Every structure is written in C-alpha cells, then in structure tokens.
Amino acid sequence: MKQLNKFTMTLLSRSSNESFSRVAVTAFIAQLDPTLEEINDIKTAVSEAVTNCIVHAYKNEIGKIYISVRILECNVVEIKIRDKGCGIADVEKAMTPLYSSEGGERAGLGFTVMQSFMDSLRVSSREGKGTTVTMKKRISVRLNGNA
Amino acid sequence: MSVKTEVNGDVMIAYLSGELDHHSAKQIREEIDAAIEANMPTLLVLDFKDITFMDSSGIGLVMGRYKVLSQNGAELSITNPSPQIYKVMQLAGLGRLAKIEKGGLKNETVK
Ligand SMILES: Nc1ncnc2c1ncn2[C@@H]1O[C@H](COP(=O)(O)OP(=O)(O)OP(=O)(O)O)[C@@H](O)[C@H]1O
Ligand SMILES: [Mg+2]
C-alpha cells in the first residue's frame, strides 16, 4: 500500500513517556478525522505496546523505543513499535490471553487489547535482539468529513 | 493522578482521577491498599468518573484489589467508567469480579 505520510520518534523507556507516546501518535492521526472511539482504541493499543517495551523488553535497563506511524492509502494507519530489548522466546505463548511472564499485578492482557482494538497485529521477535509490534487500523471515512 | 477516599460505615468509596497506566498504577495501588487496611470496608467502590484513560495496567490493579478484598471477605464494585474504560473492562471480563455501574452508585448501596 502506498505511503501518504509518516511520523517517527524515538523515546527512552521511561514510564513517564507512556502518556506522551500515546497522545503523540493519536495527534498525528488526527489528520484522518477519526472518531473518538477510534482515537481511544489506538491510544489504548499504543499504550500496551509501549508499556511492554518498558516493563518487559528493557526490564532492568533504560533503552530506546522506536515508534513509526504511517498513513497509507484507504485511510489505513500503520503503527510500528520496536525495541532492542530482551526479545520473546515464544511469541505464540506470549500472545495467549491472560499469559504474563511477570507475577505481581499484570493481567496478561496487553496483546489481547492490541488485537481486539486494532484491525491487525503482527509480532516479530528474536531473543536477545528485540521485538517489533506492527498494528494496522482503517479509520472510517465520514460522509461530511475530510475523505 | 489522585485518590480520595470516603467512608460510610462499612462502605469505602475511592474516587480516582487522572490516567491509570503502568506509570501511575503503583502510587494508586499503594494509596488504595493503605485506605483498605485503615478502614477494612466490606464493600470497596472504585469510582472511575475522573479517570481519563486506562489500559491493561488498570485491569491488573482492579484484579489485585479484588484479591486483597476477597481475602477479607469483602466485595468490590466499580462506578462511572468512561466508554473507553468500560470497553477495556469488558474485554477483561471484569464484570465477573465486580459489579460495574456505568452510572453512579445507587443510593441504597451507600446508605
Ligand atoms: N516488547 C517485549 N519484549 C519482551 N517481552 C515482551 C514484550 N512484549 C510482551 N512481552 C512478553 O509477552 C507477555 C505478554 O504480554 P502482554 O502485554 O499480553 O501481558 P503483560 O504485559 O504481561 O500484562 P499486561 O499487559 O496485562 O499488564 C509478557 O508478560 C512478556 O513476557
Ligand atoms: Mg503488557
């Protein structure tokens, strides 16, 4: 699909960046005139992916989180969130609802949220190298909106 | 981000505000748990009216409070989640652990 616009940013894996990252991504997407529900779905999915980089990928260190947002043809938004952290040994297991490698108070629902709030989710990972999460969502075209 | 609590007999209401994510969860959790320990309610109401955003870290927080309360035989209920928050709660099946009132608490529950 043809790329119409692109935004990239790199952030340190500090939890104080969680709020900023989801707001920045949705602010860029605002040019497609999404509904409030679409904005909230994207905000929540981005928050999950970024939090995973902070909590899991860079568990005992501060690393870089690479975010790119592309606007493609047909009002499709593609969001990539990448880290160079610990990676995931078994991606399928990690994506199982309620699975969490952390004890404590993690629900194990981050991937489930990404999957159900976005149209598609792809996770590729290599142990010791890092993880890339790619999500897509088509923004509805409103009759009296921009198109 | 803040937690304000109000106690009516056995019922404690915790009014949460701000964004509930991994960044804020620890402080919110500590404040709620300190209030539970101090007041030992039989019903804890978590009011989400002024929570503007929540992700799965918030689900973990609610599930964790449910565990703390059920160890003491107490119950949990949730009021006023926004549509975004309600959607996340539904996905997580939180309705099985706590009564979720989209509007405010019914008066008889408080009094
Ligand atoms: N970027 C990442 N790097 C390394 N491991 C990851 C990454 N993202 C996810 N994981 C692994 O996948 C598991 C599942 O992730 P998911 O977000 O679904 O649940 P969680 O983060 O454990 O809990 P929750 O998101 O509900 O707080 C994590 O417990 C972790 O082991
Ligand atoms: Mg997660």
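Each remark here, short or long, concerns the structure printed above.
Figured I'd write up the structure that's included with this text.

Conventions we followed
Residues numbered from 1 in each chain as written. Chains lettered and ligands numbered in written order. Predicted model: local features only at pLDDT ≥ 70, side-chain atom pairs only at ≥ 80, totals over all residues. Heavy atoms only, no water. Helix = DSSP H or I, 4+ residues; strand = E, 2+ residues; numbered from the N terminus. Rg over C-alpha atoms; globule rule 2.2 N^0.38 Å. Buried < 20%, exposed > 50% of the residue type's maximum accessible area, 1.4 Å probe, protein only. Axes fitted to C-alpha atoms, helices over the stretch in contact; angles between N-to-C directions. Parallel < 35°, antiparallel > 145°, perpendicular 65-115°, else oblique. Left-handed = near helix turned anticlockwise from the far one by under 90°. Contact = heavy atoms within 4.5 Å. Nonpolar A, V, L, I, M, F, W, Y, C, P; charged D, E, K, R; others polar.

Counting secondary structure elements, chain B contains four helices and five strands. In sequence order, chain B lays out its α and β elements as β-β-α-β-α-β-α-β-α. For 111 residues, the compact-globule estimate of 2.2 N^0.38 gives 13 Å, and the C-alpha radius of gyration of chain B, at 13 Å, lies within 12% of that figure. With respect to the principal axes defined by its C-alpha atoms, chain B has extents near 30 × 25 × 25 Å. Within chain B, buried positions represent 50% of all 111 residues.

In this section: the packing of helix α2 (residues 36-57) of chain A against helix α3 (residues 83-92) of chain B. Put simply, α2(A) and α3(B) touch, their axes get as near as 10 Å, and they point 55° apart. By the angle class used here, α2(A) and α3(B) are oblique. Every pair of crossing elements has a handedness; the one defined by α2(A) and α3(B) is right-handed. For the pair α2(A) and α3(B), the contacting residues are A:E37, A:N40, A:D41 and A:T44 in the first and B:Q84, B:K87 and B:V88 in the second. Considering only residue class, the contact of α2(A) with α3(B) consists of one nonpolar, three polar and three charged.

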